[in-house]
Amino acid sequence: MALVKHGKIQEDAWTRIENDSLPLGRPLLLTKEEWCCLAATLRHWEQPLGLLLEGSDSLDDLRPVLDRFRLIALNFPKFTDGRAYSQARLLRKRYGYSGELRAVGNILQDQFLQMHRCGFDSYEVADGKVAEVWAVAIHRYRGFYQSAERGQRREGAATLPVEQPAAAAWAY
Amino acid sequence: MYRYDEFDFAFVKQRVDEFREQIERRLAGELTEEQFKPLRLMNGLYLQLHAYMLRVAIPYGTLSSCQMRRLAWIARTYDRGYGHFTTRQNIQYNWPRLQDVPKILEALAEVGMHAIQTSGNCIRNVTSDPFAGVAADEIEDPRVYAEILRQWSTLHPEFSFLPRKFKIAITGSPHDRAAIRVHDIGLRMLRDESGAPGFEVVVGGGQGRTPVIGETIRKFLPSQHLISYLEAILRTYNLLGRRDNLYKSRIKILVKQVGIEEFRRQVEQEWEAIRDGWQLDLPDAEVTRIADYFAPPRYEPQEAIDLSFATAQRQDPAFAQWVRCNTFAHRQAGYAIAVISLKPEGGIPGDATAGQMERVADLADRYGFGEIRVTHEQNLVLPDLRKADLPALWQALVEADLAVPNVGLITDMIACPGLDYCNLANARSIPVAQRIGQRFADRALAEELGPITLNISGCINACGHHHVANIGLLGVDKKGREFYQITLGGRADEEAAIGDIVGPAFSYDEVVDAVESVVTTYRGQRQQGETFLQTYRRVGIKPFKETLYGTG
Amino acid sequence: MQSHVMTANGLADGAVVYLHASGRWVRDLQQAVVADTAEGCAKLEALAEEAVRKRLVIGHYLFAVSLNESGPQPIVQRERIRAAGPTVGTDLPAGRQDAEV
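Residues numbered from 1 in each chain as written. Chains lettered and ligands numbered in written order. Predicted model: local features only at pLDDT ≥ 70, side-chain atom pairs only at ≥ 80, totals over all residues. Heavy atoms only, no water.

### Some points on the environment of B:Met68
All names here are of chain B. Note on placement: methionine 68 falls in helix H3 (residues 65-78). Once the C-alpha coordinates of methionine 68 and alanine 361 are considered, the two residues, 293 residues apart in sequence, prove to be 6.0 Å apart. Look past the residues within four positions of methionine 68 in its chain and what remains in contact with it is Leu63, Phe85, Met357, Val360, Ala361, Ile372 and Leu380. (Helix = DSSP H or I, 4+ residues; strand = E, 2+ residues; numbered from the N terminus. Contact = heavy atoms within 4.5 Å.)

Spelled out as structure tokens, the structure:
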């Protein structure tokens, strides 16, 4: 696995709970269930905390504690499972989460742009080669038809007003 | 009609480039078929029984003559000289090669067309009333909002991998010609007491293996909130719709499962949270900009009643019949709407040759401001015709084999491609339609029977809209043989209803006789001036069962 | 055991093809290789999977045939239509001409 962030391969510093022990000295990524069990234990934990969420995890109840997390990773069990796109937008826009948002699981390079537009910052991918195409994907379109977390929404006619029947405005 | 500006042209071109690269990666082995399939579907490309199939979007069924000529050119250059107009107002080509698809999409992009989101688990091409903007009974022109929805839904980053496909239909007239109650979201434009425009929002309708008539989730939504409300519905569905079972993943199943009240509560809660803060409402200037495209053409003021139109009808009964069956009331005095039937008796419903497409384009230019519509019944429409031009237009249609006077009659059948083309089908649809067309080829008889919708689907997915037909035929497979189940009493309009199953299915050889038996029963039971539906509602299913099966 | 033929669609052109005894894919069902043992079917399956890996075909599967003097005949309607084309009974107009393989 490789971590792509801003089009570059980066070291993944985050670690998970293994064999029932809390690793010290490194940022810690918890599932929602783990967080619920350990919230009290981790009250004074000083290392950065992250959350790994599934598509079925509700977000509402996390709202009061979101600022505890430096990273939220949203899992795509299949690349065709689009729940995390909505979760990302809710986290960003409704709940004001401003930390790192990461896409993990089964994702395609063809989805970088829409993930980026929904607010994702980093991507855990099987093959680091796709880091090269990230920038191409992000800049493929000059604008969009709808507002999202990123990407300029087209506002108004880009060229000529309607009344002007110049051939240049439309090719038919 | 809407015309692309520089932004739209560039956007579609960028999409073509993206898909071309994806095709190249597929052919180079960088994408597996499993990965490629959802990507190609979102660009309208299927793999069917004999070949790939490309479904091209005709947004809300509206085309210019130039676009129609391009469709004809594509049919001739990259396909086998014809195209098939679909029940979602699109056109599909049955024989394109994968390697040609980027060239086809480039040719479409040049005339402001594309195949974006004509398939896939995303928001599909928005459909509307084919008489939008010209219907005499229209309250508000739905095309402005249909175009707004087309733009909003195009490559929406959040809603491109929904649990299942998502279809939106919008109408602006009390008489529903867009079948909005059998869509995932149906929108009916109306005005509140103060005269402000808005929508009745219907949700969770659909056909397929679980036919459902949609329920009203909101009686009146002010039009400026359309996008935020739809985002609330889509987000709720995206998060909660089932993803474990393909057959239970449409929004209609979610709405049934939680109940309309609970679903409404969740949507309204989401909407309250995003309505004001998310800046989803379009600026007035943008709505006005789009609305300007749909300003009516320069109609000639009617200075006197033109008698030539009436005279021509008196002199030529065939023309008179075509006028009775195929023309409809226009909001502008002296003008008419004409439907060009793509249902010649014995022909393939919805198919048009490249030559016919070009002829229709020429006639649209000569008589109809260069505009053409596609109906969900798989016919074409010239929406803006001077009544005085109708005799000459009709003559030209006769010469092109496009003057069949059967709109709304029993031979104006909807038929899916069925087992002749489709990978999912269990039985053929087209040859059944052809044989029924031949059986009812007597045009005087067909007209005498009055309005009857007869729709044929080749499998339970119901692309042929059989559930909402007065007479519906559903093809099923029984041990490798084709059988057809008959339903009666369905309808797709503002009083939408699902048809009742009349009894055991009939074989391919028996089914045309069975349809004739239904018609004969209707004629026997019919009272003066009744339509098929009125008779059916009065007498019920029993007499039909008796003649079909000899039982009670 | 019931006789079977391996079919698929060409990746690049989408055309219906059948596996030939040579390992090539042909348009004509009559030329297809017929398997009538489990081992024979498994061999066709392996050849087809190889062709999928080489990106020649997609959507491969075995289907049942009967045999007569002119070769394998499909048993179900779907395969008859795939082999012979649509049954819609009108002459298709002129358009792109495909070269036969």
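So much for the structure itself; the text now carries on.
### A word on the domain arrangement of chain B
Residues and elements named next belong to chain B. When its domains are assigned, chain B resolves into domain 1 (6-110), domain 2 (134-290), domain 3 (307-399) and domain 4 (414-549). The C-alpha-based centres of domain 2 and domain 4 are spaced at 31 Å. Between domain 2 and domain 4, the residue contacts involve 12 residues of the former and 13 residues of the latter. Surface buried jointly by domain 2 and domain 4 totals about 1100 Å² across both partners, of which 62% is contributed by carbon and sulfur atoms. Sorting the residues of domain 2 by area buried against domain 4 places Gln207, Arg209 and Ile213 first, and these three jointly supply 41% of that buried surface. At the surface where domain 2 touches domain 4, the tally comes to zero salt bridges. There are four residue pairs in polar contact (both at pLDDT 80 or more) connecting domain 2 and domain 4. Classifying every residue of the side of domain 2 that touches domain 4 by side-chain character gives six nonpolar, three polar and three charged. (Domains from an automatic or database assignment. Buried area = accessible area lost by both parts, 1.4 Å probe. Salt bridge = Lys/Arg side-chain N within 4 Å of Asp/Glu carboxyl O. Polar contact = N/O pair within 3.5 Å; in protein donor to acceptor, adjacent residues only side chain to side chain. Nonpolar A, V, L, I, M, F, W, Y, C, P; charged D, E, K, R; others polar.)

### Here we look at the sheet that holds strand E6 (residues 69-76) of chain A
All names here are of chain A. The sheet built from eight strands is open, its strands ordered E2-E1-E8-E7-E6-E5-E4-E3 with mixed pairing. Both outer strands of the open sheet, strand E2 (8-10) and strand E3 (15-16), are each paired with one neighbouring strand and no more. Of the strand pairs in this sheet, strand E7 (residues 100-105) and strand E8 (residues 122-125) are connected by two bridges, and their pairing is parallel. In the sheet register, arginine 102 faces E8, and the bridge partner there is serine 122. Docked against the sheet, helix H2 (residues 83-94) engages E6 and E7, running at close to 160° with respect to E6. (Pairing = 2+ DSSP bridges. Axes fitted to C-alpha atoms, helices over the stretch in contact; angles between N-to-C directions.)

### Some points on the interface of chain B and chain A
Listed as interface residues are 59 residues of chain B and, on the opposing side, 41 residues of chain A. Of the roughly 4500 Å² buried between chain B and chain A, counting both surfaces, carbon and sulfur atoms make up 56%. Per-residue buried area on chain B facing chain A is highest for B:Pro157, B:Phe161 and B:Trp278; these three make up 17% of the total on that side. In this assembly, chain B and chain A are joined by nine salt bridges. A:Arg140 serves as the salt-bridge partner of B:Glu21, at 2.6 Å between the closest nitrogen and oxygen. For the interface between chain B and chain A, the tally reads 19 residue pairs in polar contact (both at pLDDT 80 or more). Counting only elements with at least two residues in the side of chain B that touches chain A, the list comes to helix H1 (6-27), helix H2 (33-41), H3, helix H5 (143-153), helix H6 (226-240), helix H8 (260-274) and helix H9 (284-293) of chain B. Top element by residues in the side of chain B that touches chain A is H1(B). It accounts for 13 residues.

### Focus on the packing of H5(B) against H6(B)
Residues and elements named next belong to chain B. In the contact formed by H5 and H6, the axes pass within 11 Å of each other and the chain directions differ by 50°. Of the possible angle classes, the one that applies to H5 and H6 is oblique. Once H5 is placed against H6, the crossing between them reads as right-handed. Contacts between H5 and H6 involve Tyr145, Ile148, Leu149 and Trp152 on the former and, on the latter, Leu226, Ile227, Leu230, Glu231 and Leu234. Of the residues that constitute the contact of H5 with H6, the class distribution is eight nonpolar, no polar and one charged. (Parallel < 35°, antiparallel > 145°, perpendicular 65-115°, else oblique. Left-handed = near helix turned anticlockwise from the far one by under 90°.)

### Notes on the interface of chain B and chain C
Counting residues at the interface gives 36 residues for chain B and 25 residues for chain C. Carbon and sulfur atoms supply 56% of the area that chain B and chain C bury against each other, a total of about 2600 Å² over both sides. At the boundary of chain B and chain C, one finds zero salt bridges. Mapped onto the side of chain B that touches chain C, the elements with two or more residues apiece are H1, H3 and helix H14 (430-439) of chain B. Its residues assigned to classes, the side of chain B that touches chain C comprises 16 nonpolar, 10 polar and 10 charged.

### Let's talk about the pattern of salt bridges
All told, the structure shown has 72 salt bridges over all chains when counted by the stated rule. Here A:Asp81 ties to A:Arg83 by a salt bridge, and the two come within 2.7 Å at their closest N and O atoms. A:Arg83 shares its class with A:Asp81; the two are buried. Its salt-bridge partner being B:Arg538, residue B:Glu530 comes within 2.7 Å of it at the nearest N-O pair. (Buried < 20%, exposed > 50% of the residue type's maximum accessible area, 1.4 Å probe, protein only.)

### Some words on the side chain of B:Glu268
Residue and element names in this part refer to chain B. Within the secondary structure, glutamate 268 sits in helix H8. A residue is classified by how much of its surface remains accessible, and glutamate 268, at 16% relative accessible area, is buried. One polar contact links glutamate 268 to tyrosine 229, side chain to side chain, over a distance of 2.8 Å. Other than its neighbours up to four places away in sequence, glutamate 268 contacts Ile217, Arg218 and Tyr229.

### Some details on the sheet that holds strand E5 (residues 91-93) of chain B
Residue and element names in this part refer to chain B. What the five strands build is an open sheet, ordered E1-E2-E5-E4-E13; its pairing is antiparallel. The open sheet is flanked by strand E1 (45-47) and strand E13 (351-353), the only strands paired with a single partner. Averaged over neighbouring strand pairs, the angle between their axes works out to 30° when direction is ignored. Bridge analysis of strand E4 (residues 82-85) against E5 gives two bridges, and the strand direction is antiparallel. The partner of phenylalanine 85 across the bridge, within E5, is isoleucine 91. Strands strand E2 (52-56), E4 and E5 of the sheet are contacted by H3, whose axis makes an angle of about 15° with E5.

### Quick notes on the pairing of strand E19 (residues 481-488) of chain B
Residue and element names in this part refer to chain B. A large share of E19 lies buried, amounting to six of its eight residues. One ladder, built from eight bridges, connects strand E18 (residues 471-478) with E19; its direction is antiparallel. Its bridge partner being in E19, glycine 475 is matched across the sheet by tyrosine 484. Examined bridge by bridge, E19 and strand E21 (residues 506-507) share two bridges and lie antiparallel to one another. Each residue of the ladder has a partner; that of phenylalanine 483, found in E21, is serine 507. When E19 meets strand E20 (residues 500-501), the two strands line up antiparallel, connected through two bridges. Bridged to leucine 488 within E20 is aspartate 500.

### A word on unusual backbone geometry
Residue and element names in this part refer to chain B. Located in the positive-phi region is alanine 462, a residue other than glycine, with phi close to 65°. By secondary structure assignment, the location of alanine 462 is in the loop between strand E17 (454-457) and E18. Relative accessible area serves as the criterion here: at 3%, alanine 462 is assigned to the buried category. Phi is positive for lysine 479, close to 50°, though the residue is something other than glycine. Assignment of secondary structure puts lysine 479 in the loop between E18 and E19.

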